[in-house]
Amino acid sequence: MQLPSSDILLLAKQPHRMSALASVLHYSSYSIVSVSSEEQALARMTQQPPFLMILAGDHQNWSQTLLQELRVFANKHRTTFVALTDFHAPRWMHQEENPGFDGFLVSPLSSEVLLALVQSAQTRQAFCLAV
C-alpha cells in the first residue's frame, strides 16, 4: 500500500503571492515547497508527489501545457489541485472554461479555510490510496 504524502506544493510566478499561505502552513506538520517556475514545479513533483498543489495567479498567465500536465499528475497521484485568485480578479471563469482545477480559493484566505482545505486534501488522498 502506498502511503499518503505530507507535501504541499505552492506554485507562483511571483513568490510574494504565497508568503501569507506559506507562513500559515509552516506552523503545521506538513512539508511546504514553494516554487516560482513551471520547470521547478515539474521537477519537484516527480521527486516527491504532493497531496496538494496550489497555483497562484491568473490562470491565463500559465501555459496550457503546464495546466494539462498538472491535471494528469493530480489524477494519477490523487493530488488536489486548486487555484488561488485575488478577490479583485477582473472576472470569474465559467465552469466550462476551467482548465482542470479541483477548486478555486480567493485571497485573502483565513487560516481556518486554508487548514480545512489541507486536511480535506490529505484525507482525500489517503482514502483514494486505501481503496
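Below is a summary of the structure that appears in this document. The shown structure was predicted, so the numbers you read here are calculated from the model rather than taken from an experiment. (Residues numbered from 1 in each chain as written. Predicted model: local features only at pLDDT ≥ 70, side-chain atom pairs only at ≥ 80, totals over all residues. Heavy atoms only, no water.)

Our next topic: the pattern of salt bridges. A side chain of one charge can pair with a side chain of the opposite charge if their charged atoms are brought near each other. Under the counting rule described, the total for this entry stands at three salt bridges. Close ionic contact of R44 with D7 constitutes a salt bridge, the shortest N to O distance being 3.2 Å. Placement of R44 in helix α2 (residues 38–47) and of D7 in strand β1 (residues 7–11) is noted, with a sequence separation of 37 residues between them. Owing to a relative accessible area of 8%, D7 belongs among the buried residues under this scheme. The salt bridge partner of R124 is D102, with a shortest N-O separation of 3.7 Å. With R124 in helix α4 (residues 111–130) and D102 in the loop between β4 (80–86) and β5 (103–107), this residue pair connects regions lying 22 residues apart in the sequence. Note on D102: relative accessible area 38%, which makes it partly exposed. One connected set of salt bridges, linked through shared partners, spans R71, D102 and R124. (Salt bridge = Lys/Arg side-chain N within 4 Å of Asp/Glu carboxyl O. Helix = DSSP H or I, 4+ residues; strand = E, 2+ residues; numbered from the N terminus. Buried < 20%, exposed > 50% of the residue type's maximum accessible area, 1.4 Å probe, protein only.)

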